[in-house]
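# An overview of the molecular structure
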Amino acid sequence: MTEQRLIAPDRPALEGLETVWSQVWEQEKTYAFRRPQSRESVFSIDTPPPTVSGSLHVGHVFSYTHTDIIARYKRMRGFDVFYPMGWDDNGLPTERRVQNYYGVRCDATLPYDPDFSPPENPDPKKQVPISRGNFIDLCEELTAIDEKVFEDLWRHLGLSVDWSQLYTTISGMAIRVSQAAFLRNLARGEAYLDYAPTMWDVTYSTAVAQAEIEDRDYPGFYHRVSFHAADGSPVYIETTRPELLVSVCALIAHPNDERYQPLFGSTVTDPLFGIEIPVLAHHMAEMDKGTGIAMCCTFGDKTDVQWWRELQLPTHTVIGRDGRLNRETPDWVVNTHRYAELAGKTTFSAREAVVAMLRESGDLDGDPKPTMRKASFYERGDKPLEIVASNQWYFRNGGKDEDLRKVLLARGEELRWVPKYMEHRFSDWVNGLNGDWLISRQRFFGVPFPVWYVLDMEGNPDYCQIITAEESALPVDPMTQPPAGYDESQRDQPGGFTADKDVMDTWATSSLTPQLACGWFRDEELFSLTFPMDMAPQAHDIIRTWLFSRVVRANFENGCLPWATTALSGFVTDPDRKKMSKSKGNVVVPTEILEKYGSDAVRWRAAMARPGTDSPFDEQQMKVGRRLATKILNASKLVLNLPGNDPGSWSVDKVINPADRSMLEELHGVIRFATQSLDEYEYTDALEVTERFFWTFCDDYIEFVKERAYGQEGVELAQMESARCALGIALGVMLRLFAPYCPFVTEEVWRWWHSDSIHLAPWPQAGHELADAETEVLEDVSTALIAIRGAKSAAKTSMKTPIESMVIRGNADTLRRLKSVESDLRAVSHLTGDITWTEATGDLQVEVTLAT
RNA sequence: GGGCGUAUGGCGCAGCGGUAGCGCGCUUCGUUCACACCGAAGAGGUCACUGGUUCGAUCCCAGUUACGCCCACCA
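Residues numbered from 1 in each chain as written. Chains lettered and ligands numbered in written order. Predicted model: local features only at pLDDT ≥ 70, side-chain atom pairs only at ≥ 80, totals over all residues. Heavy atoms only, no water.

Time to look at the overall build of chain A. Regarding its fold elements, chain A presents 24 helices and 30 strands. For chain A, the spread of C-alpha atoms along the three principal axes comes to 115 × 65 × 55 Å. Each of the 852 residues in chain A was classed as buried or not, and the buried ones make up 56%. Intrachain contacts of chain A at a sequence separation of at least 6 include 77% that bridge at least 24 residues. In chain A, the 88 positive side-chain charges and the 126 negative ones have mean positions that sit 3 Å from each other. (Helix = DSSP H or I, 4+ residues; strand = E, 2+ residues; numbered from the N terminus. Buried < 20%, exposed > 50% of the residue type's maximum accessible area, 1.4 Å probe, protein only. Contact = heavy atoms within 4.5 Å. Lys, Arg positive; Asp, Glu negative; His and termini not counted. Charge placed at Lys NZ, Arg CZ, Asp CG, Glu CD.)

The end-to-end C-alpha distance of helix α14 (residues 543-557) is 20 Å, a good match for the 21 Å that 15 residues give at a rise of 1.5 Å each. Burial runs high along α14: 14 of the 15 residues are buried. At the exit of α14 stands glycine 559, carrying a positive phi of roughly 65°. (Expected span 1.5 Å × (residues − 1).)

Let us now look at the nonpolar core. Core analysis: the largest hydrophobic core is formed by 125 residues, its most contacted members being Trp154 and Phe697. A per-element tally of this core places helix α19 (residues 683-710) first, with 14 residues. If we skip the residues at most four places from it in the chain, tryptophan 154 touches Pro50, Leu56, His60, Val61, Tyr64, Met85, Trp87, Leu159 and Trp163. Within the second largest apolar cluster, 67 residues are counted, among which are Ala211, Met422, Ile439 and Trp546. (Core = buried A, V, L, I, M, F, W, Y, C linked by side-chain atoms within 4.5 Å.)

The subject of this paragraph is the packing of aromatic side chains. For the coordinates displayed, the defined rule picks out 31 aromatic pairs. Each residue in the set Phe182, Trp393, Phe395, Trp437 and Phe449 is aromatic and connected to the rest through ring pairs, giving one cluster. Here the basic side chain of arginine 544 rests over the ring of tryptophan 429, its NZ or CZ set 5.5 Å away from the ring centre. One cation-aromatic arrangement involves arginine 627 over tryptophan 695; the distance from NZ or CZ to the ring centre is 4.6 Å. (Phe/Tyr/Trp six-rings, centres within 6.5 Å; stacked < 30°, edge-to-face > 60°. Lys NZ or Arg CZ within 6 Å of the ring centre and 35° of its normal.)

In this section: the sheet that holds strand β24 (residues 533-539). Ordered in space as β17-β25-β24, the three strands form an open sheet in which the pairing is parallel. The open sheet has two free edges, formed respectively by β17 (416-418) and β24, since each of these has just one partner strand. Direction aside, neighbouring strands of the sheet carry axes that sit 20° apart on average. As defined by bridge partners, β24 adjoins strand β25 (residues 563-569) across six bridges and the pair is classed as parallel. Residue pairing in the sheet places proline 537 in a bridge with alanine 567 of β25. Packed onto the sheet, helix α2 (residues 58-76) meets β24 and β25 and runs at close to 155° relative to β24. (Pairing = 2+ DSSP bridges. Axes fitted to C-alpha atoms, helices over the stretch in contact; angles between N-to-C directions.)

With that out of the way, let us pick up the protein's contact with RNA strand B. Taken together, 56 residues lie near RNA strand B, and Glu238, Ala294, Lys374, Thr630 and Tyr710 sit nearest. Near the protein, within 4 Å, the atoms of RNA strand B are sugar or phosphate in 70% of cases. Between RNA strand B and threonine 303, the relevant distance is 2.9 Å, taken from a phosphate oxygen to a side-chain nitrogen or oxygen of the residue. Residue serine 793 places a side-chain N or O atom 3.2 Å away from a sugar or linking oxygen belonging to RNA strand B. For the surface near RNA strand B, the element with the highest residue contribution is helix α17 (residues 619-640), accounting for eleven residues. Partitioned by chemical class, the residues of the surface near RNA strand B number 16 nonpolar, 14 polar and 26 charged. (Near = heavy atom within 4 Å. Polar contact = N/O pair within 3.5 Å; in protein donor to acceptor, adjacent residues only side chain to side chain. Nonpolar A, V, L, I, M, F, W, Y, C, P; charged D, E, K, R; others polar.)

Further remarks concern the packing of helix α3 (residues 92-102) against helix α4 (residues 132-157). Remark: α3 packs on α4, axes separated minimally by 9 Å, with the N-to-C direction vectors making an angle of 90°. Judged by the inter-axis angle, α3 sits roughly perpendicular to α4. Each of Thr94, Glu95, Arg97, Val98, Gln99, Tyr101 and Tyr102 in α3 lies in contact with α4, whose residues at this interface are Phe135, Leu138, Cys139, Glu141, Leu142, Thr143 and Asp146. Residue classes in the contact of α3 with α4 are distributed as seven nonpolar, three polar and four charged. (Parallel < 35°, antiparallel > 145°, perpendicular 65-115°, else oblique.)

So, on to the pairing of strand β7 (residues 191-201). A large share of β7 lies buried, amounting to eight of its eleven residues. Where β7 lies against strand β16 (residues 386-395), ten bridges are found, and the strand directions are antiparallel. The partner of tyrosine 192 across the bridge, within β16, is tyrosine 394. The pairing of β7 with strand β8 (residues 206-207) spans two bridges and is classified as antiparallel. By the bridge assignment, tryptophan 200 is partnered in β8 with alanine 207.

Overall, mixed pairing links the three strands, which are arranged β29-β28-β30 in an open sheet. With partners counted over all chains shown, the strands left at the sheet margins are β29 (835-839) and β30 (845-850), one partner each. The sheet shows a mean angle of 15° between the axes of neighbouring strands, direction not considered. Pairing geometry for strand β28 (residues 803-810) and β30, over six bridges, is antiparallel. Residue pairing in the sheet places serine 805 in a bridge with threonine 849 of β30. Sitting on the sheet, helix α23 (residues 812-820) is in contact with β28 and β29, with an inclination near 155° to β29.

Most of strand β20 (residues 451-455) sits inside the fold, with five of its five residues counted as buried. Where β20 lies against strand β21 (residues 461-468), five bridges are found, and the strand directions are antiparallel. Residue pairing for β21: valine 451 is matched across the bridge by threonine 468. Linking β20 to β21, which pair antiparallel, is a turn of five residues; within it glycine 459 sits at a positive phi near 90°. Examined bridge by bridge, β20 and strand β22 (residues 497-499) share three bridges and lie antiparallel to one another. Looking across to β22, one finds that tyrosine 453 is bridged to threonine 498.

Time to look at the environment of glutamate 666. Within the secondary structure layout, glutamate 666 lies in helix α18 (residues 658-679). Given the relative accessible area of 30%, glutamate 666 is considered partly exposed. Expressed as a C-alpha distance, the spacing of glutamate 666 and leucine 17, which sit 649 residues apart in the sequence, is 31 Å. Other than its neighbours up to four places away in sequence, glutamate 666 contacts Phe693, Thr775 and Glu779.

In the structure shown here, the tally under the stated rule is 51 salt bridges. Residue arginine 610 is joined to aspartate 685 by a salt bridge in which the shortest nitrogen-to-oxygen separation is 2.1 Å. Linking arginine 610 in the loop between α16 (599-607) and β27 (615-616) with aspartate 685 in helix α19, this pair joins segments that are 75 residues apart in sequence. For arginine 610, a relative accessible area of 31% translates into the label partly exposed. Close ionic contact of arginine 708 with aspartate 660 constitutes a salt bridge, the shortest N to O distance being 2.9 Å. Residue arginine 708 is found in helix α19, and its partner aspartate 660 is found in helix α18; the two are separated by 48 residues along the sequence. Accessibility classification places arginine 708 together with aspartate 660 in one group, the buried group. (Salt bridge = Lys/Arg side-chain N within 4 Å of Asp/Glu carboxyl O.)

Tracing the sequence through the fold places alanine 567 in strand β25. Overall, alanine 567 belongs to the buried group, its relative accessible area being 10%. Each C-alpha atom, one on alanine 567 and one on valine 24, is 30 Å from the other, the two residues being 543 residues apart in sequence. If near-sequence neighbours (up to four positions away) are discounted, alanine 567 is found in contact with Val418, Met535, Ala536, Pro537, Gln538 and Tyr681.

Set out below in C-alpha cells:
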C-alpha cells in the first residue's frame, strides 16, 4: 500500500488563521511599500486616520475593508501600493477622553509637576486640576494605549497596511508639517487673524467651526416682554432668551410693517436696565414671527450678528467665555443695582433672575409659553453654543470670497467621485458656506500656532505685529520657546513678546493627511512618488469636513487636487436604518462578530455593501460569508488531495475535455468582468460574479467531473489529467479573485502548494487559448443535472439512486454537446441503462426513469 | 423650507423598455469516502401610489406618499 501524500491538511479549519497569517505578513513584509522608479507604478491611498479617543464600530470595519479590497486588488495588478495608516490623536476629543479616563482637567496656570501621577480612583465629577505639561503627558500616555488596541484590530481584520508608514497627528513630524503649512498660508494671505463673533462652546471654553456644529431640539419658553417708548406706551417683543435683555442693542422690524413704521428712528427703553436703544428697520425681520419686532442682542443668534454688522450696532457683550455673565457691570447699563443680581451667573440662572425681575416690574406679559426650538451645539458638547466675539485664526475657504469658491467648486468637479452622485454633497456644502474656516481652539493638546505677538510699552499685545517662527526652527512651542531675536526674559514683558496660546483644531492638521503621509516637507523622493494620491476612501458623512478641508489645503499648498478619486462608503445602520451613535446606544462593536464569524466572513459582508450605500446591520448575513470561507477550504482540499495530484503538472494544454474547457472559458469571462468592476471600484459586482461562478463550480462542475478526476476504472489517463488540470487551474484563479475579499482563507489554501503569498501573486488574466471552447456545455450539463436531481428529489430518494434510463430532447447542437460528455453524465447520474437522444425544438429537456 | 438618495417576495439586495432574479429565512427530502459551517428540490412578489411617453414600463418622464442622510430656519 503506497502512502498517500496529502497537499492539504486532512481537516482544514478557519479558526486562528487571522493570528497565523497576520504574523507571517508582518515577518515577510508582504505589504511594505517599495519605492519604484516612477510615479506611474504607484497606487497611493489617503487612509482616514481614525480618532483614537473614540471606539471603532462595525461601520469603520466595513469602510476600511472597502479600501483594503481595492488596495489588495491594485497590489495584485502589479502596483506598488502605498497604503499608510494614521492615528488622529490630536485635539479636543483626546483631551475629553483623558479628562474622563484619569479624572483630571487642565489648568494652564499651574506649574509642571515632574512627580505627578494620576488619581488611582478617578472621579469624573471631581476632576483634579493639573498643569498643561502634565496634561499633555497624560494625553500621550493614553493615546499610546488606545493606538495599540486599534492596530491590533486592523491587523486582525487583515488590512494590508504598511505599518512602517504609520503617522499620528500629534507627532513632532505632524506638528512640524502643520506649522510649516500654516506659516506658508499666512505668508500668502490664506490664513489670517480676525476679531469677530464666533460660535463658542462654554463647556470646553473654545471656539468651534461651522463644520463641527449640529442642530438639536432644545426646549425653551417664549417670554412676552414690554419695552417702553418715549411716550411711555409699551412695545412688546417675544424672546426665548430674556437673560440677554441686558445686551440688547436695537429693536428691529420689517420696513413694510405698518405697526412699527411710526417708531422707526425713535428710541425705546428696556424694562429693567434703563438702556436706551433705537428702533430700526431691516428686511430680515419677519412680520408674522412673534410680535413682528425683534430684540437684537450681541449675540443671541446668527441673525443678530448680521443685524449688528449691517446696521453697525454697538457691541453689548455680557456672556463671557465661561458661559457666565460678566462680573463687572457693563458701562451701558443705567440701573446698575439690577445688573448686580446677575453678575457671574450662568445663562440659566440669569434667565430665572431676569424673569423674576420682569414679573416684579410688571413687564412680563402673561406666562412664558413653552416651545421646542432648534439650537446649535458643538457636535461633542451638551450645552447650546453662545456667540462670542474674540480673536481667532481663520483659513480662507470661499465662504467670503466668490473667486475662491469657484476655484474650489471646480476642484470638486475635477475629482472623480465614487459613487458619482456624492459630488452634490461637496458642491452643496461649498455653496452654503457663510464664513471662513475657523481653525484656532482655546485648548491645550494640539498643534500650537507658531507665532508670537509684539507687546507695546503698556504690555498689551499688538495683533498687527505678528512674529512668525522660522521654517527651519519647526516644530516650535511658542509657550516655551521665544521667537528669534528675543530672549525668554522678554516674555510677557512690556516691549517684549507674548505667545499665541491657542492650538489648531484637529481638522487643521488632518486636512494635511496627504502631505503628512506622502512626506511633504520631509522626504522629497517619497512625495514625488506618491502625491497627488490616487484614492481618498472615506465615509460620506465627512465630505463637508475632511474631504473639503484637504481640497482647500492642497489647492493652496500644491495647486492641485490631493487625489484623483474619492471612494465613499456608506454607513452600517442599526436594523431600523437609523444611524449608529453612542447617544442612541445602538452601536455594534466589531470585536465580537469578528471573533464569532472570523475576519473573512465579516469582510465578505462588508463587500456586499456597495459604494456609498448604507446597509442595516444583520448578523445573519455574516453566516453567509463564513459559509463561503468554509467552502473555499473544503473545495480546495478536494482538488489538491486527489490521489497523486501534482500541481506542478497542471497545464491548460492538457485540458481537452469539452466540459473542462467550457468551465475554464466561462471562468475567463468572470475574470474579465471582475477586473473591469474592480477598476471602477465596484467591488461588490466583482465579488458577486466570482461567487456565483464558485458555487456553480462546486455544485455542478465538481460533481460532474469527480469520478473522472478520481480516475475511476475505465477513465483514460488524458481525460483524468484534463479534469485535474482544469480543477487546479480554476482553483488557482478563483483563490486569487477571492484574495482581496477573504485574505486569510485564500492565503491559507494558496500556501498549501506555494511558498509566496497569494497577495503578491499576479491578478488572473483571461487568455485566448480557450476561445474556441463552448461555454454552453456547462450550461447544458447544469440543466441536465437539475432535471436528474429534481426527479430524485421528487421521488424523495437519495441522489445516489441509480437511473435506469434517460431521454434527452434538444436541438442538434445541444445533443452534440451532451454526447461529447456522455461518460461523465452517466457517471454522475448513476445511469444503468441507455440514453435516448431525441432531436427537438425548444429548450433542453431531460426525463429520467429511476431504478426501482 | 432646500438638496441628495432609497422604495422589488418575511429580511437583505440585484436587475432594467418586452409581463421578475440572487442570498438568508421557510417547507420537504437526502447524506456522512471535499464540505452538517452539508447537498437537492420547492413554496413565496399585481416590482410604493397616480398620471404621462411607448405597440409594450418594475425599468423612461412628471407628480404624490413614506423612509434615510445632509443643509437651512432658530426673535
